[in-house]
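# Inside the fold
Below, each chain spelled out in residue letters.
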Amino acid sequence: MNNPTIAVIGAGDFSAYLIGALRRGGYGGRILLSPYNRAKAHALAAKHGCEVAADATSLLAEANWILLAVRPGQLGGVLAKLSMRPGQLVISAVAGVAIAQLQTVLGHDTPVVRIMPSSYIDTVGGGIIPVYPASADVEAVLTAAGKVVAFDTEDQFELSMVGACLSGWMYRFVGSLEGWFVEHGLSQSQARLVVAGNIAGAAGYSIACQNANLTEISDGIATEGTYTKVGLDHLLDSGAACSWLQALDIVYARLEP
């Protein structure tokens with residue numbers, strides 16, 4: 001199904017950046033928005049060429065796919081009002097809620113696909129969109145919004161959600177480094193380009209060269225006598241990565257049942 005009618009339940013930030021990325025990537029299918037928060041829904045509809053459904057009944061009746069884009073605490077109330085018909089697909093962007101939990105309420109015959117794209121996909125092309133389970137139809141549509149990565153198991157998908165936290169943390173990290181350069185004489189815009197540009201370059205190279213050993217690349221740059229090695233030695237000696245790894249452990253522990 002190339003251009004399914006997608007009903008979106010939830011008009012918050014997630015809906016805004018996913019719909020924005022889909023439209024930016026050329027998706028021209030019909031997108032219906034839940035009328036629950038009419039102010040947000042109408043603003044989103046005006047910006048991205050969507051429609052606000054008259055009511056919940058028409059929203060569900062006209063949709064091929066139903067995208068759940070609400071917070072976990074809101075999910076129970078939403079599911080209680082969902083009346084699925086045969087052939088409808090549910091796409092869940094609700095963090096930490098397994099497919100089995102959804103199907104217990106919706107019916108075990110209801111197909112469910114989980115996704116969790118990051119917020120930057122609305123602005124930056126090529127951002128990853130984790131998907132489980134693999135679905136050719138869903139992947140064909142989401143490719144307009146970013147790089148779809150389908151996982152083999154739901155446990156792998158949960159791990160990818162831990163990885164999605166990295167972008168939120170990275171803004172603080174980039175901001176701290178940017179501040180150092182500003183304090184030492186660069187303008188804010190210059191500092192942003194120096195810091196974010198170098199990080200984006202290294203990240204882009206890492207993705208482009210999937211089979212490369214990243215430690216070997218680093219060692220090849222940070223050779224004896226270079227400024228890079230002086231700084232890298234300090235980072236390694238001080239265990240700079242430890243706090244990041246610990247943060248991943250903390251989030252992963254929260255996601256485990």
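Please refer to the structure placed before this passage.
Residues numbered from 1 in each chain as written. Predicted model: local features only at pLDDT ≥ 70, side-chain atom pairs only at ≥ 80, totals over all residues. Heavy atoms only, no water.

The final tally for this structure, using the stated rule, is 7 salt bridges. With a closest N to O distance of 2.8 Å, Glu158 and Arg114 form a salt bridge. Of this pair, Glu158 sits in helix H7 (residues 154-183) while Arg114 sits in strand E6 (residues 112-115), and the two are 44 residues apart along the sequence. The residues Glu158 and Arg114 share a single accessibility class, namely buried. What emerges from the salt-bridge pattern is a single network uniting Arg30, Glu51 and Glu62. (Salt bridge = Lys/Arg side-chain N within 4 Å of Asp/Glu carboxyl O. Helix = DSSP H or I, 4+ residues; strand = E, 2+ residues; numbered from the N terminus. Buried < 20%, exposed > 50% of the residue type's maximum accessible area, 1.4 Å probe, protein only.)

Attention shifts here to the side chain of Ser92. Secondary-structure assignment places Ser92 in strand E5 (residues 89-92). Overall, the relative accessible area of 1% leaves Ser92 in the buried class. A polar side-chain atom of Ser92 sits 3.3 Å from the main-chain amide nitrogen of Val94. Excluding its chain neighbours within four sequence positions, the residues that come into contact with Ser92 are Leu68, Leu102, Val112, Val113, Arg114 and Ile115. (Polar contact = N/O pair within 3.5 Å; in protein donor to acceptor, adjacent residues only side chain to side chain. Contact = heavy atoms within 4.5 Å.)

Glancing now at the sheet that holds strand E4 (residues 65-68). Across the sheet, 8 strands lie side by side as E3-E2-E1-E4-E5-E6-E7-E8; this open sheet has mixed pairing. Each edge of the sheet is formed by a strand with only one pairing partner; in this case those strands are strand E3 (51-52) and strand E8 (147-150). Of the strand pairs in this sheet, strand E2 (residues 31-33) and E3 are connected by 2 bridges, and their pairing is parallel. Each bridged residue has a counterpart across the sheet, and for Leu33 the counterpart in E3 is Val52. Helix H1 (residues 13-24) contacts strand E1 (6-9), E2, E4 and E6 of the sheet and is inclined by roughly 165° relative to E2. (Pairing = 2+ DSSP bridges. Axes fitted to C-alpha atoms, helices over the stretch in contact; angles between N-to-C directions.)

Here E4 shows no split at all, with Trp65 and Leu67 on one side and Ile66 and Leu68 on the other all buried. Bridge count between E1 and E4: 4 bridges; the pairing is parallel. Each bridged residue has a counterpart across the sheet, and for Ala7 the counterpart in E4 is Ile66. Taken together, the 4 bridges between E4 and E5 define a ladder with parallel strand orientation. Bridging across to E5, Ile66 finds its partner in Val90. The parallel pair E4 and E5 is bridged by helix H4 (residues 72-81), and the resulting crossover is right-handed. (Right-handed = clockwise from strand over helix to strand, strands pointing away.)

Membership of the largest hydrophobic core comes to 56 residues, with the highest contact counts inside it found for Leu18, Leu33, Leu67, Leu68, Ile115 and Leu142. Top contributing element to this core by residue count: H1, with 6 residues. Discounting chain neighbours no more than four positions away, the residues touching Leu18 are Leu67, Ile115, Pro117, Ile121, Leu142 and Ala145. (Core = buried A, V, L, I, M, F, W, Y, C linked by side-chain atoms within 4.5 Å.)

Inspection of the entire model under this criterion finds 4 aromatic pairs. Look at Trp169 and Trp244: their rings are 6.2 Å apart centre to centre, the planes differ by 65°, and that puts the pair in the edge-to-face class. On the criterion of sequence distance, the pair formed by Trp169 in helix H7 and Trp244 in helix H11 (residues 242-255) is long-range, its members being 75 residues apart. A relative accessible area of 27% places Trp244 in the partly exposed class. (Phe/Tyr/Trp six-rings, centres within 6.5 Å; stacked < 30°, edge-to-face > 60°.)

For the pair H7 and H11, interaxial distance at closest approach is 10 Å and the crossing angle is 135°. The orientation of H7 relative to H11 falls into the category oblique. Judged by the sense of rotation from one axis to the other, the crossing of H7 with H11 is right-handed. Counted together, Glu158, Leu159, Met161, Val162, Cys165, Leu166, Trp169, Met170 and Phe173 of H7 and Trp244, Ala247, Leu248, Val251, Tyr252 and Leu255 of H11 form the full contact between these two elements. Its residues placed into classes, the contact of H7 with H11 shows 14 nonpolar, no polar and 1 charged. (Parallel < 35°, antiparallel > 145°, perpendicular 65-115°, else oblique. Left-handed = near helix turned anticlockwise from the far one by under 90°. Nonpolar A, V, L, I, M, F, W, Y, C, P; charged D, E, K, R; others polar.)

Moving on, we come to the packing of H7 against helix H8 (residues 188-208). Helix packing geometry: the angle between the two helix axes and the distance between the axes. Contact geometry of H7 with H8 gives a least axis separation of 8 Å together with a crossing angle of 135°. One element, H7, and the other, H8, form an angle in the oblique class. For the element pair H7 and H8, the recorded crossing hand is right-handed. Only Gln188, Ala191, Arg192, Val194, Val195, Ala196 and Ile199 of H8 make contact with H7, whose side of the interface consists of Phe173, Val174, Leu177, Glu178, Phe181 and Val182. Residues of the contact of H7 with H8, tallied by class, amount to 10 nonpolar, 1 polar and 2 charged.

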